[in-house]
Amino acid sequence: MKTLAFFLDTFKEGSAAQQVLDRLLFGWPEKGSIASAPWDHIRVPQQALNPAMEKRLQASSKLQLSKDAKEATQGIDAWIIAPGRPESWKTHLAEDWYECLSNSPARGWVIGIPPLSWCQGKASISPSFQAGTPMPYTWRLPEVDIPWQCPLSEIVLLVRGAYPEAETHGIDALLGLTSHRQGGESGIQHIRLLRGDAVWKGAREGLFSWDLFKAAVSRTHSKQGDATVDGRTQDIVGLGMVPDLARDTRAWIIQHVDGLQSVLLTVDGILQDETFAAQSKDGRLYSAQIYQPPKPNDHRYSRLTTAITQYLEHDKSTMPPERHLLWGELLECMDSMMSEDILSQEWDRARMPFGVNRSPWSPEGIASKP
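Just so you know, these numbers come straight off a predicted model, no measurement behind them.

(A) View of empty space enclosed by the protein. A complete count under the given rule lists three cavities of 30 Å³ or more for this structure. If you add up the space inside the largest cavity, you get close to 60 Å³. For the largest cavity, the full set of lining residues is Gly14, Ser15, Ala16, Arg85, Pro86, Glu87, Ser88, Trp89, Lys295, Asp298, Arg300 and Tyr301. Per-class residue counts for the lining of the largest cavity are four nonpolar, three polar and five charged.

(B) Highlighting the sheet that holds strand S1 (residues 3–7). Strand order in this open sheet of six strands is S5-S4-S1-S6-S7-S8, and the pairing throughout is parallel. Edge strands, defined here as strands with exactly one partner in the open sheet, are strand S5 (63–66) and strand S8 (129–132). Looking at each pair of strands side by side, their axes are set apart by 20° on average, direction ignored. Direction of pairing for S1 relative to strand S6 (residues 78–81): parallel, over a ladder of four bridges.

(C) Focus on the pairing of strand S4 (residues 41–45). Where burial is concerned, most of S4 is hidden: five out of the five residues are buried. Of the two faces of S4, the one holding His41, Arg43 and Pro45 and the one holding Ile42 and Val44 are both buried throughout. Sheet topology note: the S4/S5 ladder contains four bridges and is parallel. What sits directly across from Arg43, in S5, is Gln64. Of the crossover connections in this fold, the one passing from S4 over helix H2 (residues 51–57) to the parallel S5 is right-handed.

(D) Fine view of the side chain of Arg300. Within the fold, Arg300 resides in helix H10 (residues 300–314). Side-chain polar atoms of Arg300 contact the side chain of Asp298, separated by 2.8 Å. Sequence-distant contacts of Arg300, that is, excluding residues within four places in its chain, are made with Pro134, Thr138, Trp139, Gln292 and Pro293.

(E) Layout of unusual backbone geometry. A cis amide bond links Leu141 with the next residue in sequence, Pro142, at an omega value of -10°. Residues Lys295 and Pro296 are joined by a peptide bond in cis, for which omega reads 10°. For Pro296, the location among the structural elements is in the loop between strand S15 (285–290) and H10. Not every positive phi belongs to a glycine, and Glu87 is a case in point at roughly 65°. Relative to the helices and strands, Glu87 is located in the loop between S6 and helix H4 (95–102). Accessibility expressed as a relative area gives 42% for Glu87, which makes it partly exposed.

(F) Just helix H5 (residues 165–178), in detail. In a regular helix each residue adds 1.5 Å, so 14 residues correspond to 20 Å; H5 covers 20 Å between its end C-alpha atoms and thus fits that length. Most of H5 sits out of view: 13 of its 14 residues are buried.

(G) Structural detail: the sheet that holds strand S10 (residues 152–159). The sheet built from eight strands is open, its strands ordered S9-S15-S14-S10-S13-S12-S11-S16 with mixed pairing. Where the open sheet ends on each side, the last strands, each with one partner, are strand S9 (140–141) and strand S16 (344–346). Of the strand pairs in this sheet, S9 and S15 are connected by two bridges, and their pairing is antiparallel. Each bridged residue has a counterpart across the sheet, and for Leu141 the counterpart in S15 is Gln289. Together, strand S11 (188–195), strand S12 (250–256) and strand S13 (261–266) form the strand contacts of helix H6 (residues 197–204), whose direction differs from that of S11 by roughly 120°. Along the sheet face, helix H11 (residues 321–339) touches S11, S12 and S16 and points at about 45° away from the line of S11.

(H) Up close: the nonpolar core. One finds Phe7, Trp79, Ile81, Leu157, Ile171 and Ile191 to be the most contacted residues of the largest nonpolar core, which totals 57 residues. Of the residues forming this core, the biggest block, nine residues, is contributed by H11. Excluding its chain neighbours within four sequence positions, the residues that come into contact with Ile191 are Trp252, Ile253, Ile254, Leu330, Cys333, Met337, Leu343, Ser344, Gln345 and Trp347. Leu57, Ala78, Tyr137 and Leu304 belong to the second-largest nonpolar core, a separate cluster that totals 35 residues.

(I) Representation of the pattern of salt bridges in the model. Under the definition given, this model contains 17 salt bridges. Here Lys2 and Glu313 are joined by a salt bridge, their closest N and O atoms 2.8 Å apart. Pair noted here: Lys2 is in the segment before S1 and Glu313 is in helix H10, with a separation of 311 residues, a long-range link. According to the relative accessible area criterion, Glu313 is partly exposed, its value standing at 26%. Residue Arg85 pairs with Asp9 through a salt bridge whose shortest N-O separation is 2.8 Å.

What counts as what
- Residues numbered from 1 in each chain as written.
- Predicted model: local features only at pLDDT ≥ 70, side-chain atom pairs only at ≥ 80, totals over all residues.
- Heavy atoms only, no water.
- 1 Å grid on protein atoms, 1.4 Å probe; cavity = no way out; pocket = protein on both sides within 12 Å on 5 of 7 lines; lining within 4 Å.
- Points joined across faces, edges and corners; volume = space filled by probe spheres on them.
- Nonpolar A, V, L, I, M, F, W, Y, C, P; charged D, E, K, R; others polar.
- Pairing = 2+ DSSP bridges.
- Helix = DSSP H or I, 4+ residues; strand = E, 2+ residues; numbered from the N terminus.
- Axes fitted to C-alpha atoms, helices over the stretch in contact; angles between N-to-C directions.
- Buried < 20%, exposed > 50% of the residue type's maximum accessible area, 1.4 Å probe, protein only.
- Right-handed = clockwise from strand over helix to strand, strands pointing away.
- Polar contact = N/O pair within 3.5 Å; in protein donor to acceptor, adjacent residues only side chain to side chain.
- Contact = heavy atoms within 4.5 Å.
- Expected span 1.5 Å × (residues − 1).
- Core = buried A, V, L, I, M, F, W, Y, C linked by side-chain atoms within 4.5 Å.
- Salt bridge = Lys/Arg side-chain N within 4 Å of Asp/Glu carboxyl O.

Bear in mind that shape data such as this cannot, by itself, settle questions of function.
In structure tokens, the structure reads:
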């Protein structure tokens, strides 16, 4: 009898914890059929559930409730940590829960940002774990990926949302797109932040590629502006409407050691999609929409659940610990820049390069081989 321990701090509808746990208990769509979790028991902390949630989840024979961390981790075959609040990518567990997981021999997955101590050298968790949001795994429209070991010159990724949630899943998607480029991740030299009107001034001055921005916008099916009023087809970029539509725009311009420039740009008020466009050093363009299915079903979590089970059951690893560390360190740097109103930052930490890593995305929604 195989057991999965599912850890969460609270349990709210619409959260990553609710979306993934429902799929593990009741199944999820995959390749035209309904997939089921490969564990006989899904063990959940009882204190995280309110009576109504507990009653609903007990419709599955797989559910087991645990009273404390020691009981939850005893004899488990795998574990998952998930944030229980909507739009959150951090889980706040008590120290004894983290300690029990650190001593567990089972593989695990952190949905969202893992504790950075788990990613650092001798302090890293043993034997292994993966971490991520649904962004690197969800559908793409069209099914476009940056080719294996492609020599990239620039990539522009458009995301929506408030800080820091948009940046958290945006960096996760960005590293999923760039880390299998030629030479792998070389590390970061410099980060620049543009806000509000400075974003569009920076575009006019050539601080990032306007052509790539236009290519990324072309992959949306939810342009804002007059199209939301009367459905007209409208070139919001060509007509110069973008700056007037934009709300709380932030552009993070990231310079990598190998010369790649990555731009993470929020597009609230402009689009209602996440899209990207990338250019190789020989001038080829690649662009797609990173599809975000409608709520409440939010089927991007179906793709994520497939990736999680593939890793926990078959050790189909897609990302090294150094990748998780770079993700977390980048967000820490962004936090300091936002809170202290710093607009330009040399990378003052270890650059954390890591080798060429296969893309976490594939048309089937699971890790693909190079």
